[in-house]
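Spelled out from the first residue to the last, the chains are:
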Amino acid sequence: MNAQWPAPQNMVAAMGPGNTVIDIREKGQYERWSAFKGQSRHGLRCLDCDQRVNPRRLTAGRVTPLVILAHSPQSDGDEDERCARLRASGARGDGWKHLLVQQLAAHLTELGYQVAAHSEVRGQRVDVVASARLRRVLIRVELKPLDFSEVRRIQLRLRSLKNEDFQDETLWITFNCDWVDQIPAVGIRFLEDSVPGSLEVGGLHAVVDAGALKYSHMDGVHQPSAHTVGLRQFMTQRMARQIQFLPLDATHSGWGDNRMWQLGIRHLHAHIRDLRKLHRMAIAKLTALASELETRQQQVIALRASVEHEQSVSAALRSSESAVERSLHDVQNRLAALEEWASEVEARRSSGFGKWALRGVKRPPGP
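Bear in mind the structure is a predicted one, so any value in this text is a computation, not a measurement. (Residues numbered from 1 in each chain as written. Predicted model: local features only at pLDDT ≥ 70, side-chain atom pairs only at ≥ 80, totals over all residues. Heavy atoms only, no water.)

Student: Explain the pattern of salt bridges to me, and be specific about the residues and the numbers.
Tutor: A full pass over the atoms with the stated rule returns 16 salt bridges. Between E142 and R125 there is a salt bridge, and its shortest N-O distance comes to 3.2 Å. Placement of E142 in strand β7 (residues 135-142) and of R125 in strand β6 (residues 124-132) is noted, with a sequence separation of 17 residues between them. Under the relative-accessibility criterion, R125 is labelled partly exposed at 30%. Where E292 meets R296, a salt bridge forms, and the shortest distance between an N and an O atom there is 3.2 Å. Of the two residues, E292 and R296 both sit in helix α6 (residues 258-349), 4 residues apart, roughly one turn of that helix. A relative accessible area of 38% means that E292 is categorised as partly exposed. For R296, a relative accessible area of 48% gives the class partly exposed. The network of salt bridges with shared partners includes K97, R125, D127, R140 and E142. (Salt bridge = Lys/Arg side-chain N within 4 Å of Asp/Glu carboxyl O. Helix = DSSP H or I, 4+ residues; strand = E, 2+ residues; numbered from the N terminus. Buried < 20%, exposed > 50% of the residue type's maximum accessible area, 1.4 Å probe, protein only.)

Student: Please give an account of the side chain of R140 that cites residues and values.
Tutor: Here R140 shows up in strand β7. A polar atom in the side chain of R140 sits 3.2 Å from the backbone oxygen of R125. (Polar contact = N/O pair within 3.5 Å; in protein donor to acceptor, adjacent residues only side chain to side chain.)

Student: How would you summarise the nonpolar core if you had to cite specific residues and measurements?
Tutor: In this structure, L100, I173, L231, F234 and M235 are the most contacted members of the largest nonpolar core, which totals 39 residues. Per element, the largest residue contribution to this core is 6 residues, and it comes from helix α3 (residues 95-110). Among residues more than four places away in sequence, those in contact with L100 are V141, L143, I188, F190, L199, V201 and L231. (Core = buried A, V, L, I, M, F, W, Y, C linked by side-chain atoms within 4.5 Å. Contact = heavy atoms within 4.5 Å.)

Student: Tell me about the layout of surface pockets, and please be specific about residues and values.
Tutor: In this structure, the largest pocket encloses a volume near 340 Å³. For the largest pocket, the lining is made up of 17 residues, of which Q155, R159, I183, P184 and S253 are closest to its centre. Those elements that place two or more of their residues in the lining of the largest pocket are α4 (148-159), β8 (167-174) and β15 (243-247). Sorting elements by how many residues they give to the lining of the largest pocket places α4 first, with 5 residues. Class assignment for the residues of the lining of the largest pocket results in 7 nonpolar, 5 polar and 5 charged. (1 Å grid on protein atoms, 1.4 Å probe; cavity = no way out; pocket = protein on both sides within 12 Å on 5 of 7 lines; lining within 4 Å. Points joined across faces, edges and corners; volume = space filled by probe spheres on them. Nonpolar A, V, L, I, M, F, W, Y, C, P; charged D, E, K, R; others polar.)

Student: Which residues make up a nonpolar patch on the surface, and what values go with them?
Tutor: Residues L275, L278 and M281 make up a contiguous nonpolar surface patch of roughly 300 Å² in combined accessible area. If you trace the backbone, L278 turns up in helix α6. (Patch = residues over 30% accessible without salt bridge, like charges linked within 9 Å, V, L, I, M, F, W, Y side chains within 5 Å. Areas by Shrake-Rupley, 256 points an atom, 1.4 Å probe, with all protein chains shown as cover.)

Student: If you had to explain unusual backbone geometry to someone new, which residues and values would you point to?
Tutor: You will see that D50, though not glycine, has its phi angle at about 65°, which is positive. Relative to the helices and strands, D50 resides in the loop between α1 (29-33) and β3 (53-58). Backbone geometry at R122 places phi at a positive 50°, although glycine is not the residue there. Structurally, the position occupied by R122 is in the loop between β5 (114-121) and β6.

Student: Requested: an account of the packing of aromatic side chains, with residues and values cited.
Tutor: Applying the stated criterion across every chain yields a total of 5 aromatic pairs. On the basis of an interplanar angle of 80° and a centroid distance of 5.8 Å, the ring pair of F175 and F190 is categorised as edge-to-face. With F175 in the loop between β8 and β9 (185-191) and F190 in strand β9, this residue pair connects regions lying 15 residues apart in the sequence. The two residues F175 and F190 agree in class, both being buried. An angle of 75° between the planes, with centres 5.0 Å apart, marks the rings of F234 and W255 as edge-to-face. Residue F234 is located in helix α5 (residues 231-239), and its partner W255 is located in strand β16 (residues 253-257); the two are separated by 21 residues in the primary sequence. (Phe/Tyr/Trp six-rings, centres within 6.5 Å; stacked < 30°, edge-to-face > 60°.)

Student: Lay out α4 with the relevant residues and their values.
Tutor: In this model, α4 (12 residues) spans 16 Å end to end at C-alpha, consistent with the 16 Å of a helix rising 1.5 Å per residue. Every buried residue belonging to α4 is among F148, V151, I154, Q155 and L158, and all of these are buried. Taken down its axis, α4 places every buried residue within 120° of arc, on the same side. Tucked into the core, α4 has its buried residues touching β6, β7 and β8. (Expected span 1.5 Å × (residues − 1). Arc of directions from axis to C-beta.)

Student: An account of the side chain of Q237 is requested, with residue identities and associated values reported.
Tutor: Topologically, Q237 is positioned in helix α5. Since its relative accessible area comes to 17%, Q237 is described here as buried. If sequence neighbours within four positions are ignored, Q237 has contacts with Q242 and I243.

This is how it looks when you write it as C-alpha cells:
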C-alpha cells in the first residue's frame, strides 16, 4: 500500500453527477442517495475504481449509526478487491483530486477568499483560484506523477497569467516530492489518523511533509527538514503570510514560517556584525603593517645610501691603491737605474783613470 496514500478505513466520499464529490456523512446526503427515500442511488462512483457505490448505515453495536459507502452488490466481480489492487499499484482515481480541490476551496472560502475551483485562467487550467483585495493565489494540485520539464512549462505559463489588478502567487500541492524544492510547492501525504491542523479528505487526513526548511544554529544556514504540518494549518498560515517561500540557492527553495526566517535574519545580522568587527581588525592590522613597511622601506633606503657610500669609498681606495702601486713601480725603476749608474761609476773609478774615467757617464733623470 502506498504510504503516502493509504486506503480509508471506511469509504465516505464518492464522485457524484458532474464530477461533484459527495461526502455521505454530510447532512441530508444519506437520505438523498438512499433508496429508502425513493431517490435513485445509481450515481455515486468509487473514487478509486470509478464503479458504482451505495450508501449504508451501520447500526450493529453502535449508539450512533455509522454512515458509509460500499460497492454495489450488483457490480461485476469483487470491486473491493479491484480497489485494493488499484491502491497497491498507485493508480488511484481522479476523484481524490476533485475531493482535495473541493476541500481546499471550502477552507479558503472559510478564510474569507473568493474561490473558484476547477477553473481556467486565460486558457490555463488552475485547480483553485483564491482572491481577496489585491491578492490572487493560483493553486495547482497534482496527485499523479508529472515530469519536472512539464511542471516547469506549466509554472512559466502560470507566471505569465499576471493581472494588473492582483499580486499573483502560485502554489503546487503534490505527491511529486522530487521537485518541490525547485518551485513554490509542498509535498503532501494522507494519514489514516487525524493530526492537529490536517485537512480531512474522504476519511483520510492530508498533511504537508515535504519542502520545509529548518534553521541550523550550528551552521547558521537553512536546510531541508522533515517537518510535518497539517494541510489546513499550512494553508491558513500561508494565506495569512505567516509562511513564506524563499530561495536556498540559485535553483532550490523551500518554505518556513516567519519565526524561522527571523532566526535566520538575526543570525545573519550577527554574522554581519562579526564580519564588520573582523574587517575593522583587519584594517587596523593592515594599517600597522603599512606603517611597518614604510619604516622598513626607509631603512632599506638608508642601507642602500650607506652601501653606495661604501662602494664610492672603496672605489676611491682602489684608485688610490693603483696610484700608489704605479708610484712604487716608478720608484723601483728609479732605484734600479740609480743602482745601475752607481755600479758603472764605481767600476770606472776602480779602473785607475781617475776622473777621466767618469766622463760620459750620465746620471739617470729624476730628483
